[in-house]
Amino acid sequence: MVYVSEISTAKFKGLFGACQQLFSTLGVFFVELLGSINNYEPKFKYYHVSLIALFVVLVFETLMLITKETPRWLMAHGKSDEAKEVLRFLRGPACNTKKELNEMIDAMNKQPHLTVMETLREFRRRPVYLPFLLAMGLAFFQQLSGINAAIFYATTIFQQAQVSQPALVSSFALGGVQVVFTLAGMLLVDLAGRKVLLVVGAVVLSLSAVMLGTEFKLCSAQTSSCEYSPMAIAGFILYMMAFSIGWGAIPWLMMSELIPQRVKGISSGIVTAFNWLLGAIVTKEFKPFSDTVRPWFAWWSFALIIALSIPFVVVLLPETKGHSLEEIEELFERHRGNREKREIEIVM
């Protein structure tokens, strides 16, 4: 995601940044579909799907070996001529890249080369720790929305809701809806803006989690089976729609946009590790937690956490739509300058 944000123009940064999530959802859909088909008509062993996935990874690794470094990285390492060639290749020979190169140079001049200890000391500065904490907040709400519980326990969720043919229903609900609405989010992210999609996604996510919890609550109160469970199907599909259009790709995109260039390596690594740590915890603990407190309470808990993300986005998160990485970094520097100016005025 960092690589994509550094080679994209400000106008299409959101569109290109969301491609990572689109291909992730395509992969999930493909694997889920193969597994569901194989359940009904066994034609291959379980490890055949893993071998197919391994082939895709090998193709990716091979292509990365011949992929050029980003112009920003090349400029930072004194390879200005190579940076110009790469930028000309990315933008096209007819495009005037001089302005973009000058902006990169200006940004680099403001950012001295730092040692590891100097990089860590940078986290004491507000323009560094504030975007870092915002990125951590996005990772927190993304994973605590319960998405990994929905993905890895989709079939179990539909079984608990007593839906007939749960494996097939969950495969199409999970994979198909994710692909379609991730694509919709890609097209909207640079038009509507990041914050709008996050807020709309959070509202629908919260309501759909309430719907799922309510369905489980109603089913647990019935002595007879509730086989059709329209509320479970509707709630799950709405949940996947809302996550895909907002909270699927945008937190990853904004992480690469918000974090300053001079600490991007270490900060991105910490945020990514934190994100997947939370994902692992949710995946491992959802089933025991759900069995202990009942599924309806687990999903209502997710709904509450998702609802808390709305004031976080509205009040604290800046809109990055249409801004270059240098402009976003300057935004936090200006905010720091204005704050220091107000403090001086108060003292005087």
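Scroll up a little and you will see the structure.
Residues numbered from 1 in each chain as written. Predicted model: local features only at pLDDT ≥ 70, side-chain atom pairs only at ≥ 80, totals over all residues. Heavy atoms only, no water.

### What about helix α16 (residues 264-293)?
Because the α-helix completes a turn every 3.6 residues, residues three or four places apart line up on one side. Counted at 1.5 Å a residue, the expected span for α16 with its 30 residues is 44 Å, and the 40 Å between its end C-alpha atoms agrees. Those residues of α16 that fall on the buried side of the exposure criterion are K264, S267, S268, V271, N275, L278, G279, V282, F286 and S290. Positive phi appears at R294, one or two residues downstream of α16, with a value of about 85°. (Helix = DSSP H or I, 4+ residues; strand = E, 2+ residues; numbered from the N terminus. Expected span 1.5 Å × (residues − 1). Buried < 20%, exposed > 50% of the residue type's maximum accessible area, 1.4 Å probe, protein only.)

### Examining the nonpolar core
Core analysis: the largest hydrophobic core is formed by 41 residues, its most contacted members being L138, L198, M240, W247, L258, W299 and L317. For this core, the element with the most residues is helix α17 (residues 295-316), which contributes eight residues. Residues within four places of L198 in sequence aside, it is in contact with L138, G246, W247, I250, P251, M254, V313 and L317. Core analysis: the second largest hydrophobic core is formed by eleven residues, V128, A135, I259 and V271 among them. (Core = buried A, V, L, I, M, F, W, Y, C linked by side-chain atoms within 4.5 Å. Contact = heavy atoms within 4.5 Å.)

### Describing the packing of helix α15 (residues 250-258) against α16
For the pair α15 and α16, interaxial distance at closest approach is 10 Å and the crossing angle is 160°. Taken together, the axis directions place α15 and α16 in an arrangement best described as roughly antiparallel. Where α15 crosses over α16, the two elements pack in a sense that is right-handed. Packed against α15, whose contacting residues are W252, M255 and S256, the element α16 presents K264, S268, V271, T272, N275 and W276 at the interface. (Axes fitted to C-alpha atoms, helices over the stretch in contact; angles between N-to-C directions. Parallel < 35°, antiparallel > 145°, perpendicular 65-115°, else oblique. Left-handed = near helix turned anticlockwise from the far one by under 90°.)

### Thoughts on the pattern of salt bridges
Within this structure, the stated rule accounts for three salt bridges. Put simply, E257 and R194 hold a salt bridge, and the shortest N to O gap is 2.6 Å. With E257 in helix α15 and R194 in helix α13 (residues 194-221), this pair connects stretches of sequence that are 63 residues apart. By relative accessible area, which is 2% here, E257 ends up buried. With its nearest N and O atoms 3.2 Å apart, the salt bridge here joins E285 to K284. The exposure class assigned to E285 is partly exposed, which follows from its relative accessible area of 37%. Residue classification places K284 among the exposed positions, given a relative accessible area of 59%. (Salt bridge = Lys/Arg side-chain N within 4 Å of Asp/Glu carboxyl O.)

### Examining unusual backbone geometry
Look at R294: it is not a glycine, yet its phi comes out positive at around 85°. Looking at where R294 falls in the secondary structure, it is placed in the loop between α16 and α17. You can call R294 exposed: its relative accessible area is 52%.

### Examining the environment of A184
Position of A184 relative to the elements: it lies in helix α12 (residues 166-188). Looking at A184, the relative accessible area reads 25%, which means it is partly exposed.

### Some thoughts on the packing of α16 against α17
In contact at an axis separation of 6 Å, α16 and α17 are set at 130° when each is read in the N-to-C sense. Taken together, the axes of α16 and α17 lie oblique to each other. Contacts between α16 and α17 involve V282, F286, F289, S290 and V293 from the former and P295, F297, A298, W299, S301 and F302 from the latter.

None of the figures reported here should be taken as evidence of function without further support.
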